[in-house]
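Examination of the molecular architecture
Read off the chains here:
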Amino acid sequence: MVTKNSVEFDPYIERKAFDETQEGVKGLVDAKITEVPRIFHVPQGSLTDKNSVSDLEIPIIDFATVHVDTASREAVVEKVKHVAEKWGFFQVINHGIPLNVLKEIEDGGRRFHEEDPEVKKRYFSRDFSMNKFVYNSNFDLYSASPSVNWRDTFSCYMAPDPPPPEDLPVACRDAMIEYTKHVITLGDLLFELLSEALGLKSETLKNMDCLKSVLMICNYYPPCPQPDLTMGISQHSDNSFLTILLQDNIGGLQILHQDSWVDVSPIPGALVINMGDFLQLITNDKFVSANHRVPANREGPRVSIASFFSSSALPSSTVYGPMKELVSEENPPKYRDITIKEYTDEYFVKGLDGTSYLSNIRI
Ligand SMILES: O=C(O)CCC(=O)C(=O)O
Ligand SMILES: [Fe+2]
């Protein structure tokens, strides 16, 4: 039981009541609320660091020359190595995904979230198994997360076994299928470059099934009447090997770099790439999975599409630990072995509470 403003309230009951509307944050905004309900309030003081935004920009890498010749590819690999080690994030331009494909998925994602609530409710669920299109608000609503985020989401595993097309909503069906094909092609190239950046054969990460599974999620951040009280998405690192993120032109994504928040300014046509926790784990901390967040904003709705390379829903007993090629007597393994399923189950229980689950498996 938490006491606030002298009124006792049970966050579980209020979270459940919100959940049962099945209309998400968009439902609150459509009902023209002017005050953010208290389940969304971040603990007092936790947003006071909102101003410590650095004037740095995250690196931009141009992939235009990656297939030209060996020297050009090596130059790109050098840049990828630098950002994977020092930032964990970069923006990529000339990545090969046509602009119209990006526009279609962004529009399709927005269209779904702006459908009649009765249409969306057909997809409302918290069952994240394979082959299923799921719409809800806050995957970690019933976790230990300190507050609820100002955001609705839909998600679907699009590889290796996508659902039958007729199970996807008409609003975004074709766009999801088309975008996934391109995301896998770009993911293939990224895992090759990252393997080369580790000084290993191009196929190494793919041979470890890093590319095997794609979870596509679409975040929808409605405009927020009191942005100083809540977050769009709380500070977290991603539960994936790698994430390819498409954001619209509103902006708001920030990454934690050298203890300051750095804005990831939208660049039309660019994609944001970030290393996830599993990549940090298997590279024994050589590559970093950086913390990031999206503050709430009066402006909106903001839409982002995140494609997570992560195989957590596959029944797999494969254990992941620091790669043998990357450890030595001087550089011993920093993590114990773990299955992706075990990691993900714990990530869900914990919720987005600002800490990384990696610290729990550190040796
Ligand atoms: O909306 C964004 O820009 C970031 C979303 C994100 O970090 C996530 O879905 O994991
Ligand atoms: Fe994320």
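About the cut-offs
- Residues numbered from 1 in each chain as written.
- Chains lettered and ligands numbered in written order.
- Predicted model: local features only at pLDDT ≥ 70, side-chain atom pairs only at ≥ 80, totals over all residues.
- Heavy atoms only, no water.
- Buried < 20%, exposed > 50% of the residue type's maximum accessible area, 1.4 Å probe, protein only.
- Helix = DSSP H or I, 4+ residues; strand = E, 2+ residues; numbered from the N terminus.
- Arc of directions from axis to C-beta.
- Contact = heavy atoms within 4.5 Å.
- Core = buried A, V, L, I, M, F, W, Y, C linked by side-chain atoms within 4.5 Å.
- Near = heavy atom within 4 Å.
- Polar contact = N/O pair within 3.5 Å; in protein donor to acceptor, adjacent residues only side chain to side chain.
- Areas by Shrake-Rupley, 256 points an atom, 1.4 Å probe, with all protein chains shown as cover.
- Nonpolar A, V, L, I, M, F, W, Y, C, P; charged D, E, K, R; others polar.
- Pairing = 2+ DSSP bridges.
- Axes fitted to C-alpha atoms, helices over the stretch in contact; angles between N-to-C directions.
- Salt bridge = Lys/Arg side-chain N within 4 Å of Asp/Glu carboxyl O.
- Patch = residues over 30% accessible without salt bridge, like charges linked within 9 Å, V, L, I, M, F, W, Y side chains within 5 Å.
- Parallel < 35°, antiparallel > 145°, perpendicular 65-115°, else oblique.
- Left-handed = near helix turned anticlockwise from the far one by under 90°.

**Concerning helix α9 (residues 340-350)**
- Within the sequence span of α9, burial applies to Ile-340, Tyr-343, Thr-344, Tyr-347 and Lys-350. Projected onto a plane normal to the axis of α9, the buried residues spread over an arc of 125° and lie on a single side.
- Tucked into the core, α9 has its buried residues touching β8 (231-236), α8 (277-282), β15 (319-320), β16 (338-339) and α10 (358-361).
- After α9 finishes, the residue Gly-351 shows a positive phi value of roughly 75°.

**Notes on the nonpolar core**
- In terms of nonpolar packing, the biggest core is built from 91 residues, with Phe-63, Met-176, Tyr-179 and Leu-194 touching the most fellow members.
- Here this core gets 11 residues from one element, more than from any other, and that element is helix α6 (residues 173-197).
- Val-25, Phe-40, Cys-224 and Ala-296 belong to the second-largest nonpolar core, a separate cluster that totals 12 residues.

**Comments concerning the site of ligand 1**
- Neighbouring ligand 1 are 13 residues; Asn-219, Tyr-221, His-292, Arg-302 and Ser-304 lie closest to it.
- Tyr-221 places a polar side-chain atom, nitrogen or oxygen, 2.6 Å from an oxygen atom of ligand 1.
- Relative to its unbound accessible area of 290 Å², ligand 1 is 97% covered by the protein chains.
- Listed by contribution, the elements that provide at least two residues to the shell around ligand 1 are β7 (214-221), β8, β13 (292-295) and β14 (302-309).
- Class assignment of the residues belonging to the shell around ligand 1 gives a composition of seven nonpolar, four polar and two charged.

**Notes on the sheet that holds strand β11 (residues 260-263)**
- With respect to topology, four strands assemble into an open sheet ordered β8-β13-β10-β11, the strand pairing being antiparallel. In the strand order of this sheet, the two ends are held by β8 and β11, each with one partner. On average, each strand axis in the sheet is inclined to that of its neighbour by 35°, with strand direction left out of account.
- Where strand β10 (residues 254-257) lies against β13, two bridges are found, and the strand directions are antiparallel. Among the inter-strand pairings, Ile-255 is bridged to a residue of β13, identified as His-292.

**Structural notes on the environment of Glu-115**
- Relative to the helices and strands, Glu-115 is located in the loop between α4 (99-113) and α5 (117-121).
- A relative accessible area of 29% places Glu-115 in the partly exposed class.
- Separated by 56 residues in sequence, Glu-115 and Ala-171 have C-alpha atoms that sit 8.1 Å apart.
- With sequence-adjacent residues up to four places away left out, Glu-115 is seen in contact with Lys-120 and Ala-171.

**Quick word on the side chain of Lys-206**
- Mapped onto the elements of the fold, Lys-206 is located in helix α7 (residues 204-207).
- Engagement of the side chain of Lys-206 in a polar contact is seen with the side chain of Glu-192, the distance being 2.8 Å.
- Ignoring any residue separated from it by four or fewer positions in sequence, one finds Lys-206 in contact with Asp-188, Phe-191, Glu-192 and Leu-211.

**Focus: the pattern of salt bridges**
- For the structure on display, the rule yields 22 salt bridges.
- For the salt bridge of Asp-30 with Lys-26, the shortest nitrogen-to-oxygen distance reads 2.9 Å. Placement of both Asp-30 and Lys-26 in helix α2 (residues 24-30) is noted, with a separation of four residues, approximately one turn of the helix.
- On the accessibility criterion, Asp-30 (46% relative accessible area) is partly exposed.
- Using a relative accessible area of 14% as the deciding quantity, one classes Lys-26 as buried.

**Focus on a nonpolar patch on the surface**
- Side chains of Tyr-12, Ile-13 and Tyr-142 sit close together on the surface and give an oily, nonpolar patch of about 330 Å² of accessible area.
- Inspection of the secondary structure assignment puts Tyr-12 in helix α1 (residues 11-21).

**Considering the packing of helix α3 (residues 70-86) against α6**
- Orientation of α3 relative to α6, taken along the N-to-C sense of each, is 80°, at an axis distance of 9 Å. In terms of their interaxial angle, α3 and α6 are classed as roughly perpendicular. Here Arg-73, Val-76, Val-77, Val-80, Lys-81 and Ala-84 of α3 come into contact with α6, specifically with Leu-189, Glu-192, Leu-193, Leu-194, Glu-196 and Ala-197.
- Residue composition of the contact of α3 with α6, grouped by class: eight nonpolar, no polar and four charged.

**Thoughts on the packing of α4 against α6**
- Where α4 meets α6, the axes come as close as 9 Å, and the angle between the chain directions of the two elements is 135°. On the basis of their axis angle, the class for α4 and α6 is oblique. The handedness of the crossing between α4 and α6 comes out as left-handed. Counted together, Val-101, Leu-102, Glu-104 and Ile-105 of α4 and Ala-175, Met-176, Glu-178, Tyr-179 and His-182 of α6 form the full contact between these two elements.
- Residue composition of the contact of α4 with α6, grouped by class: six nonpolar, one polar and two charged.

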